[in-house]
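# Understanding the architecture of this molecule
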Amino acid sequence: MSDDALRATVAATTHDLSNALGAVLNYTTFLAEDLARTGAAPEYLPHLQSAAERALGLVTRLTAALASDAEGD
């Protein structure tokens, strides 16, 4: 993978990772607020799980891109 391609992959992936982590943080805040008021907010949990799974997939992509680049050196 060329340096330019690696940079583009890392830039796109970090942007996506930032979005996924933002969702985790936001839904965690919503959940905490609702639990403090009512004790029930199960509709937020699938959003948290999905965002965390997306973040894990993005980390895997970054790791693979970096490993691929290291092999090319």
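Everything below is about the structure shown above.
Rules and cut-offs
Counting from 1, residues in each chain are numbered in the order their sequence is written. Predicted model: local features are reported for residues with pLDDT of at least 70 only, side-chain atom pairs are reported and counted for 80 or more only, and whole-chain, interface and lining totals are derived from all residues. Computation of side-chain values covers all heavy atoms of the structure but excludes hydrogens and water. Whether two aromatic rings pair depends on their centres lying within 6.5 Å, for rings of Phe, Tyr and Trp, where Trp uses its six-membered ring; planes under 30 degrees apart make the pair stacked, over 60 edge-to-face, and the rest tilted. Helical segments are the DSSP runs of H or I of at least four residues, strand segments are the runs of E of at least two, and each set is numbered from the N terminus. Burial classification: accessible surface area is computed with a 1.4 Å probe over protein chains only, and a residue below 20% of its type maximum counts as buried, one above 50% as exposed, and the rest as partly exposed. One speaks of a salt bridge when a side-chain nitrogen belonging to Lys or Arg is within 4 Å of a carboxyl oxygen belonging to Asp or Glu.

## Quick notes on the packing of aromatic side chains
In total, this model carries one aromatic pair according to the counting rule given. Here the aromatic rings of Tyr-27 and Phe-30 are separated by 5.5 Å at their centres, their planes lie at 85°, and the arrangement is edge-to-face. Of this pair, Tyr-27 and Phe-30 both sit in helix α1 (residues 3-37), three residues apart, which is roughly one turn of that helix. A relative accessible area of 35% means that Phe-30 is categorised as partly exposed.

## Re the pattern of salt bridges
A complete count under the given rule lists two salt bridges for this structure. The salt bridge involving Asp-4 is made with Arg-7; its shortest N-O contact spans 3.5 Å. With Asp-4 and Arg-7 both in helix α1 and three residues apart, this pair spans about one turn of that helix. Taken individually, Asp-4 and Arg-7 each receive the classification exposed, so the pair is uniform in this respect. Among the ionic pairs, Asp-34 bridges to Arg-37, the shortest N-O distance being 2.4 Å. Residue Asp-34 and its partner Arg-37 are both found in helix α1; the two are separated by three residues, about one turn of the helix. According to the relative accessible area criterion, Asp-34 is buried, its value standing at 13%.

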